[in-house]
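Close look at the chain arrangement
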Protein chains: 4
Amino acid sequence: MDTGKNIYLAVVGAGSASSEICELAEAVGKEAALRGWIVLTGGLGGVMEAAAKGAREAGGLTLGILPGQDRSQANPYIHVAVATNMHHGRNAIIAHTADALIAVDGEYGTLSEVAFGLKLGKPVVGLMIPWKVPGLLTARDPKEAIARVAELVASRRG
Amino acid sequence: MDTGKNIYLAVVGAGSASSEICELAEAVGKEAALRGWIVLTGGLGGVMEAAAKGAREAGGLTLGILPGQDRSQANPYIHVAVATNMHHGRNAIIAHTADALIAVDGEYGTLSEVAFGLKLGKPVVGLMIPWKVPGLLTARDPKEAIARVAELVASRRG
Amino acid sequence: MDTGKNIYLAVVGAGSASSEICELAEAVGKEAALRGWIVLTGGLGGVMEAAAKGAREAGGLTLGILPGQDRSQANPYIHVAVATNMHHGRNAIIAHTADALIAVDGEYGTLSEVAFGLKLGKPVVGLMIPWKVPGLLTARDPKEAIARVAELVASRRG
Amino acid sequence: MDTGKNIYLAVVGAGSASSEICELAEAVGKEAALRGWIVLTGGLGGVMEAAAKGAREAGGLTLGILPGQDRSQANPYIHVAVATNMHHGRNAIIAHTADALIAVDGEYGTLSEVAFGLKLGKPVVGLMIPWKVPGLLTARDPKEAIARVAELVASRRG
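Each value, and the rule that gives it
Residue positions are given per chain, counting from 1 as you read along its sequence in written order. Starting at A for chains and at 1 for ligands, labels are handed out in the order in which the entities are written. Totals for whole chains, interfaces and linings use every residue, but because this is a predicted model, local features are given only for residues with pLDDT of at least 70 and side-chain atom pairs only at 80 or more, for both listing and counting. Calculation of side-chain values draws on the structure's entire complement of heavy atoms; hydrogens and water are dropped beforehand. Contact between two residues is taken to exist if any of their heavy atoms lie within 4.5 Å; hydrogens are not considered. When two parts are put together, the accessible area they lose, computed with a 1.4 Å probe and summed over both, is reported as buried area. Put simply, a salt bridge is a Lys or Arg side-chain nitrogen that is within 4 Å of an Asp or Glu carboxyl oxygen. Any N or O atom pair separated by 3.5 Å or less is treated as a polar contact, with the protein-specific requirement of one donor-capable and one acceptor-capable atom, and with residues adjacent in sequence counted only for side-chain atom pairs. Helix numbering and strand numbering both begin at the N terminus, where a helix is a DSSP run of H or I of at least 4 residues and a strand a DSSP run of E of at least 2. Side-chain classes are defined by residue name, with Ala, Val, Leu, Ile, Met, Phe, Trp, Tyr, Cys and Pro counting as nonpolar, Asp, Glu, Lys and Arg as charged, and the others, Gly among them, as polar. Expected span of a helix: the number of residues minus one, times 1.5 Å. Burial classes: relative accessible area under 20% of the type maximum marks a residue as buried, over 50% as exposed, and values in between as partly exposed (1.4 Å probe, protein chains only). Paired strands, in this sense, are two strands between which DSSP finds at least two bridges. Alignment of the copies relies on least squares applied to C-alpha atoms, considering only residues that score at least 70 for pLDDT in both. Axis lines are fitted through C-alpha atoms, for helices just across the contact stretch, and the angle between N-to-C directions can take any value from 0 to 180 degrees. Take the far helix as your reference; a near helix turned counterclockwise from it by less than a right angle gives a left-handed crossing, and one turned clockwise gives a right-handed crossing.

Looking at the interface of chain A and chain D
Between chain A and chain D, the contact holds 28 residues from the first and 28 residues from the second. Roughly 2,200 Å² of surface becomes buried between chain A and chain D when both sides are summed, with 54% attributable to carbon and sulfur atoms. Taken together, the links from chain A to chain D amount to 2 salt bridges. Note that Asp99(A) and Arg71(D) form a salt bridge whose closest N and O atoms lie 3.0 Å from each other. Here chain A is connected to chain D by 12 residue pairs in polar contact (both at pLDDT 80 or more). Elements supplying a minimum of two residues to the side of chain A that touches chain D: β3 (62-66), β4 (80-83) and α3 (90-97) of chain A. Looking at which element gives the most residues to the side of chain A that touches chain D, the answer is β4(A), with 4 residues. For the side of chain A that touches chain D, a count of residues per class yields 15 nonpolar, 8 polar and 5 charged.

Right, here's the structure in full:
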């Protein structure tokens, strides 16, 4: 593992989500882990837990950047947890830490992460997202989302 | 002045903006100040400076929550400046501090503030905004934006 | 009021304190306000409230940078409140915003503010402080603390 | 690896340090890793790098919570890096994430981490520290520091 070369993918989405949405997030996490990427989330339930589950069960390393004051909130698929005690403000940290973001469905907290990712000039791909935002890419399924991220991160790293 | 009763309006938008956009922001700031509201911004140029100018010249109090490490970045219309040294992360503080937000045009940083405002359940009104986000209200001009905010804040305070 | 020229003094100390300690903090706030300084605190009770009371009753402007998610925590002497929702992390913002800090007694949160102030190279003066930290100045009473700050800030501004 | 059960030890100290100090930090990191603990630092040089080196070379996992805007600042011994873009404010996150802290020598930034650790009620042990702070424990050497932390964390977990 080499922090400088690893790709960190943030999978962002709501803390409670339908089983359909969670299946998408789990597939995103799995595909990312199979490419050797670190999967980063907000560490809680819903999309965050599904993405971490997919990644961990595929042998990947998972990082959770939590809103609360200690690590106990982390879902059981998080390997390394960070307790920010900054609540929604931790969304900026997620965007700074990631090389790219994939948003799955998502609510307003997710939108803040998407906005920060775009602000920082990082590839941001949405699956089943409810907003129209210039610059936000979309994909039809997890594999396409991962493929787009892979291509964009590679071109950014030159 | 009574912190508990004053209305804090965040005017959010890009740090560099056209004169047309700045005129809108200045009018928003002026209308807010005429109602006795505190006008809160990110403290820099563009929309932030125009809103503070409009508010200050109309006799209002202006608060700037800055991204950098000291207060020297504040535009000349800020009465009270806060230096966060948190960069984009300070956008969450703006949303927490405000009772309502008005976004004028805006880029991705603005979108993060809009997202946080909506996440926190606060009235968020956009003028000339480029995104489609469910729950984000729009207005045709500054007076309408201020009127909508006034009505929504009043109903929330019951 | 001119943000660039005003002196912002942070008065830092415990959220619950004895009446003796609160009298000291109130006197510090009063002396600062009489010099035209803005008095900045963490916005809660104890030393923070006493300092804001002293400043406000002497005609000064008070700023409270709060730990919680909204402005309702602010003590009644705060003119302008900022809600960070970052809890202890807001102590770094207090140190960045201030030109100088005066610590009155204080517990561990206060010590973090003292440490940040010293790290940033700002004058930090303690009254009745329980720690020994190289570089932390001490004073015997509020007037001496204010006089030391005035001298040091003036020499830094050259 | 189980986030809920792993012990996270923060090793805090200056970003540039003498070889003597770095040897202490490296020994602390090594001893922590040999017990299976995750070693957490601010991710930069000096004490932070030495502690991570000691931990990584002993087979441990290292986490770096960086002050800057991307992960490129991380020293080469960091496995998982977090980019906060909050500068000194990230010290609060280090204290929240850790179960215990060991300070090695250290300057004012270190003192802020010590203060936050004590504020949060966590065991904080100092090696060669220049301050006197009630509640801050001291040890004569890395093994004693690690042993004290082990005992205190165990008693806190009951």
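So, helix α5 (residues 142-157) of chain C
Residue and element names in this part refer to chain C. Spanning 16 residues, α5 covers 22 Å between terminal C-alpha atoms, matching the ideal 22 Å at 1.5 Å per step. On its buried face, α5 sits against β1 (8-13), α1 (19-34), β5 (100-104) and β6 (124-127). Regarding α5, its N-cap is aspartate 141, as a side-chain oxygen of that residue lies 3.1 Å from the backbone nitrogen of lysine 143 further along. Where α5 ends, the next residue or the one after it, glycine 158, has phi of about 55°, a positive value.

Brief notes about the side chain of Arg71(B)
Tracing the backbone shows Arg71(B) in the loop between β3 (62-66) and β4 (80-83). Judged by its relative accessible area of 9%, Arg71(B) falls in the buried class. Within the structure, the side chain of Arg71(B) is placed 3.1 Å from the backbone oxygen of Asn6(C), a separation counted as a polar contact.

Remarks on the pairing of β4(A)
All names here are of chain A. Burial along β4 is two-sided: the face carrying Val80 and Val82 and the face carrying Ala81 and Ala83 are both buried. The pairing of β3 with β4 spans 4 bridges and is classified as parallel. Each residue of the ladder has a partner; that of leucine 63, found in β4, is valine 80.

Points about the relation of the copies chain A and chain D
Here chain A sits on chain D after a turn of 180° about the axis and a move of 0.0 Å along it, with an RMSD of 0.0 Å. The superposition of one copy onto the other is thereby described by a two-fold rotation axis. If distances are taken from each C-alpha of chain A to the rotation axis, the shortest is found for Val80(A), at 4.0 Å. A shared interface surface links the copies, since 100% of the contact residues of chain A are contact residues in chain D too.

Re the packing of helix α1 (residues 19-34) of chain D against helix α2 (residues 47-57) of chain D
All names here are of chain D. Remark: α1 packs on α2, axes separated minimally by 6 Å, with the N-to-C direction vectors making an angle of 35°. Read as a crossing pair, α1 and α2 show a hand that is right-handed. Contacts between α1 and α2 involve Ile21, Cys22, Ala25, Glu26, Gly29, Lys30 and Ala33 from the former and Val47, Ala50, Ala51, Lys53, Gly54, Ala55 and Glu57 from the latter. By residue class, the composition of the contact of α1 with α2 is 8 nonpolar, 2 polar and 4 charged.

Points about the side chain of Thr84(C)
Mapped onto the fold, Thr84(C) is located in the loop between β4 (80-83) and α3 (90-97). In this structure Thr84(C) comes out as buried when scored by relative accessible area, which is 2%. Contacts of Thr84(C), omitting those with residues within four sequence positions, involve Ile93(B), His96(B), Ile65(C), Leu66(C), Pro67(C), Gly68(C), Arg90(C) and Ile93(C).

Focus on unusual backbone geometry
Its identity is not glycine, yet Asn85(B) carries a phi of approximately 55°, on the positive side. On the secondary structure map, Asn85(B) appears in the loop between β4 and α3 (90-97). In this model, His87(C) sits at a positive phi of 55°, which is unusual for a non-glycine residue. Here His87(C) is to be found in the loop between β4 and α3.

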